[in-house]
Amino acid sequence: MPETKPSLQLELQELLLVGVGAVPGALLRWQLALHLGDQNLLVNVLGAALLGLLAGLPAAPRRQLLLGIGFCGSLTTFSSWMLAAMKHLSSGDWAAALGLIGLTLGLGLGAAALGFSLGRRLKPPAPPQSPI
């Protein structure tokens, strides 16, 4: 049986969810950079933990679009992380570059695993029971 294509209305709703989530993620990223300097490690590990938590929760496609793809996607950034590593490499500071890459990968994986585990432990509230 052929796959059905989502309607234009559904695609626009999903686009809106991603966009609405992306704006606060980008603004938080900007404010963190403004006040704390370019903290790629901090935002990427924070984003990995939040995305892990979302992935561990019961499936909710709209929440995943809003918070996972939108918010976390704009909060974290692979390109800025790689640029920071490249700057260290171009200045000959191989230890700082490899340290940034290794630390971000290690802490990011650990944070995602911790968030996922926490998400699996959280249970949605039970529906109210009838007194009958």
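Up top is the structure.
In short, a report on the structure. Small disclaimer: the values here were computed from a predicted structure and weren't measured.

What counts as what
- Residues numbered from 1 in each chain as written.
- Predicted model: local features only at pLDDT ≥ 70, side-chain atom pairs only at ≥ 80, totals over all residues.
- Heavy atoms only, no water.
- 1 Å grid on protein atoms, 1.4 Å probe; cavity = no way out; pocket = protein on both sides within 12 Å on 5 of 7 lines; lining within 4 Å.
- Points joined across faces, edges and corners; volume = space filled by probe spheres on them.
- Helix = DSSP H or I, 4+ residues; strand = E, 2+ residues; numbered from the N terminus.
- Nonpolar A, V, L, I, M, F, W, Y, C, P; charged D, E, K, R; others polar.
- Patch = residues over 30% accessible without salt bridge, like charges linked within 9 Å, V, L, I, M, F, W, Y side chains within 5 Å.
- Areas by Shrake-Rupley, 256 points an atom, 1.4 Å probe, with all protein chains shown as cover.
- Salt bridge = Lys/Arg side-chain N within 4 Å of Asp/Glu carboxyl O.
- Core = buried A, V, L, I, M, F, W, Y, C linked by side-chain atoms within 4.5 Å.
- Buried < 20%, exposed > 50% of the residue type's maximum accessible area, 1.4 Å probe, protein only.
- Contact = heavy atoms within 4.5 Å.
- Phe/Tyr/Trp six-rings, centres within 6.5 Å; stacked < 30°, edge-to-face > 60°.

## Things to note about the layout of surface pockets
In this approach the atoms are scanned with a rolling probe the size of a water molecule, which exposes any empty space left behind. Each pocket or cavity is described by its volume, and for the largest pocket that value is around 150 Å³. Lining the largest pocket we find Asn44, Ala48, Thr76, Thr77, Phe78, Trp81, Thr104, Leu105 and Gly108. Elements supplying a minimum of two residues to the lining of the largest pocket: helix H2 (40-56), helix H4 (78-90) and helix H5 (94-121). With three residues, the top contributor of residues to the lining of the largest pocket is H5. A class-by-class count of the residues in the lining of the largest pocket yields four nonpolar, five polar and no charged.

## Re a nonpolar patch on the surface
Together, Val23, Leu27, Trp30 and Leu34 line one region of the surface with nonpolar side chains, adding up to about 430 Å² of accessible area. Mapped onto the fold, Trp30 is located in helix H1 (residues 8-36).

## Side note on the nonpolar core
Core analysis: the largest hydrophobic core is formed by seven residues, namely Leu32, Val43, Leu54, Leu57, Phe71, Cys72 and Leu75. Contributions of two or more residues to this core are made by H2 and helix H3 (61-75). When residues of this core are assigned to their parent elements, the largest contribution, three residues, is made by H3. Excluding residues that lie within four positions of it along the chain, Leu57 makes contacts with Arg63, Gly119 and Leu122.

## Let's talk about the packing of aromatic side chains
Summed over all chains, the structure comprises one aromatic pair. On the numbers, 5.5 Å between centres and 80° between planes, the contact of Phe78 with Trp81 is edge-to-face. With Phe78 and Trp81 both in helix H4, this residue pair falls three residues apart, about one helical turn. Judged by relative accessible area, which is 8%, Trp81 ranks as buried.

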